[in-house]
Amino acid sequence: MTGAAPIRTTCPYCGVGCGVLATPDGRGGVSIKGDPHHPANFGRLCSKGSALGQTVDLEGRLLSPRVNGLDAGWDEALDHVAAKLSEAIDTHGPDSVAIYGSGQLLTEDYYVANKLMKGFIGTANIDTNSRLCMASSVAGHKRAFGADTVPGTYEDLEQADLLVLVGTNLAWCHPVLFQRITAAREANPDLRVVVVDPRRTATCDIADLHLSIAPDADTALFNGLLTAIAQSDALDQAYLDAHVTGLREALEAARPWTVARVAAACNLPAADVAAFYQLFVSTAKTVTVYSQGVNQSTSGTDKVNAIINCHLATGRIGKPGTGPFSVTGQPNAMGGREVGGLANMLAAHLELEEPDHRSAVRAFWNSPAIAERPGLKAVDLFRACGDGRIRFLWILSTNPAVSMPQADDVARMIATCDTLVVSEMNADTDTARLADVLLPATGWGEKSGTVTNSERRISRQRAFLPAPGEARPDWWALKEVACRMGWADAFSYGSPAEIFREHAQLSEIAATLGRDFDIGKLAGLSDAEYGRMLPRQWPVGGPARHFADGGFFTPDGRANMVAVTPPVRSDVAPGLHLNTGRVRDHWHTMTRTGKSPRLSRHFAEPFLEIHPADAAERGLAPADLAEVTSEHGTCVLRTLVTDRAAPGQVFAPMHWTAQYASQGRIDAVIASATDPVSGQPALKAGRVTVRRYGAAWHGYAVSRTRPEPGGITGYWALARISEGWQVELAGRNDPNDWAETARALFAAPDAEPITFSDPVRRRHRLALMQGDQVVAALFVSPEPVEIARTHVAETFSTATATQVLAGRRGAAQADPGPTVCVCLNVGANAILDAIASGTATSLDAIGRYLGAGSNCGSCRPEINALIARSAGRVAAE
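Since the model is a prediction, treat every value here as computed from it, not as a measurement. (Residues numbered from 1 in each chain as written. Predicted model: local features only at pLDDT ≥ 70, side-chain atom pairs only at ≥ 80, totals over all residues. Heavy atoms only, no water.)

Asker: How do you make sense of the packing of helix α3 (residues 107-121) against helix α20 (residues 474-484) when you look at a structure like this?
Answerer: A pair of packed helices can be characterised by two numbers: the angle between their axes and the separation between those axes. Running from N to C, α3 and α20 cross one another at 20°; their axes reach a closest spacing of 8 Å. Judged by the inter-axis angle, α3 sits roughly parallel to α20. Crossing of α3 against α20: the hand is left-handed. Residue-level inspection shows Glu-108, Asp-109, Val-112, Ala-113 and Leu-116 of α3 in contact with α20, the latter providing Asp-474, Trp-475, Leu-478, Lys-479 and Ala-482. (Axes fitted to C-alpha atoms, helices over the stretch in contact; angles between N-to-C directions. Helix = DSSP H or I, 4+ residues; strand = E, 2+ residues; numbered from the N terminus. Parallel < 35°, antiparallel > 145°, perpendicular 65-115°, else oblique. Left-handed = near helix turned anticlockwise from the far one by under 90°. Contact = heavy atoms within 4.5 Å.)

In structure tokens, the structure reads:
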């Protein structure tokens, strides 16, 4: 395999759907580059995509089936699953079983799961973690357009004259789209950007106007915009007359929302609200991009329709540089929606509650049954596990014991199922620990199929590594269970190409029933043509954009403007408002990105962004530990004191699990409130109390092997480093013997300790030696340890004990500071020094001098922030 040609595939992270060139090295590794010919990214990759080569090792992989904790063969495991599934159906009925899938499944996996559940078992109890990120967009699209149709394309973001970015931190969550926008702005200096977000995120780096809106006030903001549109004579009356219903009712609901009332409801200056409205009204080519800040809300669907209303009212939809644009969070959330992977959908965008649609699908599948009513959506599905309605649950490619709201409760509910089957790549996840049956799944680089990105573009994921151990594709495990239940003729698939052809054939039928999803022209692909298939937008052979000339998928062909009412805000609720989300360099629950030392440099532990005034009120200093508590659970997080967080609000990332931190699972403290239309949980609307974690000591350690901190201390957070692991520690009581504590922490009972201690000041430094080699080192102090962490982590495996325990670089070595650019390992201090010396004072100059920001570009907003900070200091002097 050495010298092998690169394989064209697709990134497994966010919904941008970037093309990747993967070149195997013949030894289980792979080199990664962006695909310059893929129309989503044209060669660009973000920090996560660039580091994919660090995540394909087999450490921690599940390599064989397990039944009740014991290794088993596939036949034994599949027989067991089929028997337990049949037993639950026979005893308790089809609605006693459920599947919970993932936006990281391939479309072919999703298709087989949906067909099995809705057409053969006869229940719609199949939902997905896409319910947590995109369900409100689906519901809003269907209310307005009659189908779950994304009207525009990525090119519209580059062709617009105004971009309104609502509840989306593109710079961190969709970095390649952010790079495309940044490049478009350089090419078009007249392009204006408005960011609507309670936090001052990295995306604000390109904003002409940042509206730091109060949480959940988006509907008020866009109702006010609709009123401003009407008052400014900016309505496209010809478009409205020809193609839209509901204008009068929507305007009546919006009319009370004057600029003054909107400003008060949104906690914004009236002048900023008026400026935004004027920009929108006066700019014909406007795109509104939105994501989780809109969707993850008890009023998410109404927010989506409030945004869509403004585009319908102005006719700014379906034309180049216009439209509402929902960016998806996962690589195949769109593909899952296409095959009916949500509990309230049928395949091919057909409607579950429409008799003609059910009949068409049942006839096509020749199935013995068809689900006749929506199944349980995610939150309700897990509640049904807890109260005994769901007896058999199969979870594929997701980790709900971490990602669901009230995650502790969800873990307990899952554990009560009679049978829990988990298809998983990794042997140890929070959810896998609960399983009765574990099925080893192939992962990215090993499996083959298709994914669909945010602009409706279908791309291939291709295998370039062999399946390890006994790992198998998810579609194969699903169809094998179906065959054992007596449905072999309907599930006789031998390859993902066969499944894709059937999926495409069903879309032809859907198109004849007036649906939007149509890839029928791909139904005749041979296996070889499927193997070579290039990225294709749907409808295949149809327009790239929708609705410029109407043609909506409602019964009368007209769009619906929906009258929406903003939720009543309460300013008297106790505690702080908790917002959750992603960070730049990690993904979901870190089962992939946690493997990468490079991606762990930026944030190595779970943290809490908190405003300086809120921190001071609670006695919290920078880098203190904070207890974050709600009625549902408690987390312990490192404080990041910053005015990026608004007063009264805090932010915490969603990624950390029981494998990487003692109490970092932030969704454990989030209530399971949901949008009444979409069923999407409000993951950005927690109420928490925050107080200082009373630690008697703090520690930092490095080790060649994974530490075992669970039984040692109250707080810990693990992260990969290039030569092993690092761990942050804290405890409420001092151990009796630090040397024995270190031996236990590093599972090194025979290692010899070299210790520097100051008992009076309660500071201790220990190196564990095996021969003349440092295998681990521990630093302890009463406050957060102040040492050159990057230096220690990078050098401990080759340095002497004395050098390691010094905890700092030599006099001639500068401390680069916290990592900003993970691609080239450039720290904040190095950038600040270059600016202060005058060596490099612009983004481009820093890229040329240090390399920072010159690869994936994800760190450029932070570099710009350092430049601005330095300029502010100079001005102050």
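Asker: When you look at the environment of Gly-807 in this model, what are you seeing that I'm missing?
Answerer: Note on placement: Gly-807 falls in the loop between α26 (801-806) and β33 (819-821). Each C-alpha atom of the pair Gly-807 and Val-792 lies 6.2 Å from the other, and the pair is 15 residues apart in sequence. The contact partners of Gly-807, leaving out residues within four places of it in the chain, are Arg-765, Phe-779, Ile-787, Ala-788 and Val-792.

Asker: Whenever I open this one, the nonpolar core confuses me. Can you help?
Answerer: Most often, soluble globular proteins have nonpolar side chains that are buried together. Core analysis: the biggest nonpolar cluster contains 77 residues, and Leu-163, Phe-746 and Leu-778 have the highest contact counts within it. Beyond its immediate chain neighbours, meaning those up to four positions away, Leu-163 contacts Leu-157, Ile-181, Leu-191, Arg-192, Val-193, Val-194 and Val-287. The next biggest cluster of nonpolar side chains, apart from the first, holds 65 residues, and it includes Met-117, Ile-126, Val-339 and Leu-396. (Core = buried A, V, L, I, M, F, W, Y, C linked by side-chain atoms within 4.5 Å. Buried < 20%, exposed > 50% of the residue type's maximum accessible area, 1.4 Å probe, protein only.)

Asker: What am I meant to see in the pattern of salt bridges here?
Answerer: Pairing is possible between side chains of opposite charge, provided their charged atoms come close. The full count for this structure, using the stated rule, is 52 salt bridges. Between Asp-527 and Arg-501 there is a salt bridge whose closest N-O contact spans 2.9 Å. With a gap of 26 residues between them, Asp-527 in helix α22 (residues 527-532) and Arg-501 in helix α21 (residues 496-512) connect regions that are remote in the sequence. Judged by its relative accessible area of 47%, Asp-527 falls in the partly exposed class. Assessed through its relative accessible area of 18%, Arg-501 is described here as buried. Bridged by salt links that share partners, the residues Asp-75, Asp-79, Lys-479, Glu-480 and Arg-484 form one connected network. (Salt bridge = Lys/Arg side-chain N within 4 Å of Asp/Glu carboxyl O.)

Asker: Looking at this structure, I do not really get the sheet that holds strand β1 (residues 7-10). What am I missing?
Answerer: Pairing between the strands of a sheet is mediated by backbone hydrogen bonds and can be parallel or antiparallel. Reading across the sheet, the three strands line up as β1-β2-β3 and stay open at both edges, with antiparallel pairing between neighbours. Strand pairing shows two members of the sheet lacking a second neighbour, β1 and β3 (30-34), which therefore form its edges. For this sheet, the mean inter-axis angle between neighbouring strands, taken without regard to orientation, is 35°. Alignment of β1 against strand β2 (residues 19-24), held across four bridges, turns out to be antiparallel. Looking at the pairing, Thr-9 lines up with Val-20 of β2. (Pairing = 2+ DSSP bridges.)

Asker: Which parts of the structure should I look at to understand the packing of aromatic side chains?
Answerer: Centre distance and the angle of the planes are the two values used to describe a pair of aromatic rings. Tallying each qualifying case throughout the model produces 23 aromatic pairs. Between Tyr-111 and Trp-365 the ring centres are 6.2 Å apart and the planes differ by 85°, which places this aromatic pair in the edge-to-face class. Of this pair, Tyr-111 sits in helix α3 while Trp-365 sits in helix α16 (residues 355-365), and the two are 254 residues apart along the sequence. Looking at Tyr-111, the relative accessible area reads 1%, which means it is buried. (Phe/Tyr/Trp six-rings, centres within 6.5 Å; stacked < 30°, edge-to-face > 60°.)

Asker: Before we go on, may I ask you to explain the side chain of Thr-419 in this structure?
Answerer: By secondary structure assignment, the location of Thr-419 is in strand β15 (residues 419-424). For Thr-419, the residues in contact, after removing those within four places along its chain, are Lys-84, Arg-391, Phe-392, Leu-393 and Asp-436.

Asker: What should I look at first to understand the sheet that holds strand β30 (residues 752-758) in this one?
Answerer: Pairing is antiparallel across the open sheet formed by six strands, whose spatial order is β28-β29-β27-β32-β31-β30. With one partner strand each, in any of the chains shown, β28 (715-721) and β30 form the two edges of the open sheet. On average, each strand axis in the sheet is inclined to that of its neighbour by 15°, with strand direction left out of account. Summarising the sheet, strand β27 (residues 697-703) and strand β32 (residues 773-781) pair through six bridges and their orientation is antiparallel. The partner of Tyr-700 across the bridge, within β32, is Phe-779. Helix α24 (residues 738-745) rests against β27, β29 (724-731), β30, β31 (763-770) and β32 of the sheet, and its axis sits at about 50° to β31.

Asker: Even after reading the chapter, I still don't get α3, so can you show me in this structure?
Answerer: The α-helix advances 3.6 residues per turn, and as a result positions three or four apart in sequence lie on the same side. With 15 residues, α3 should reach 21 Å at 1.5 Å per residue; the first-to-last C-alpha distance of 20 Å fits that figure. Among the 15 residues that make up α3, 15 are buried, leaving the element largely enclosed by the rest of the structure. Backbone geometry just after α3 places Gly-122 at a positive phi near 90°. (Expected span 1.5 Å × (residues − 1).)

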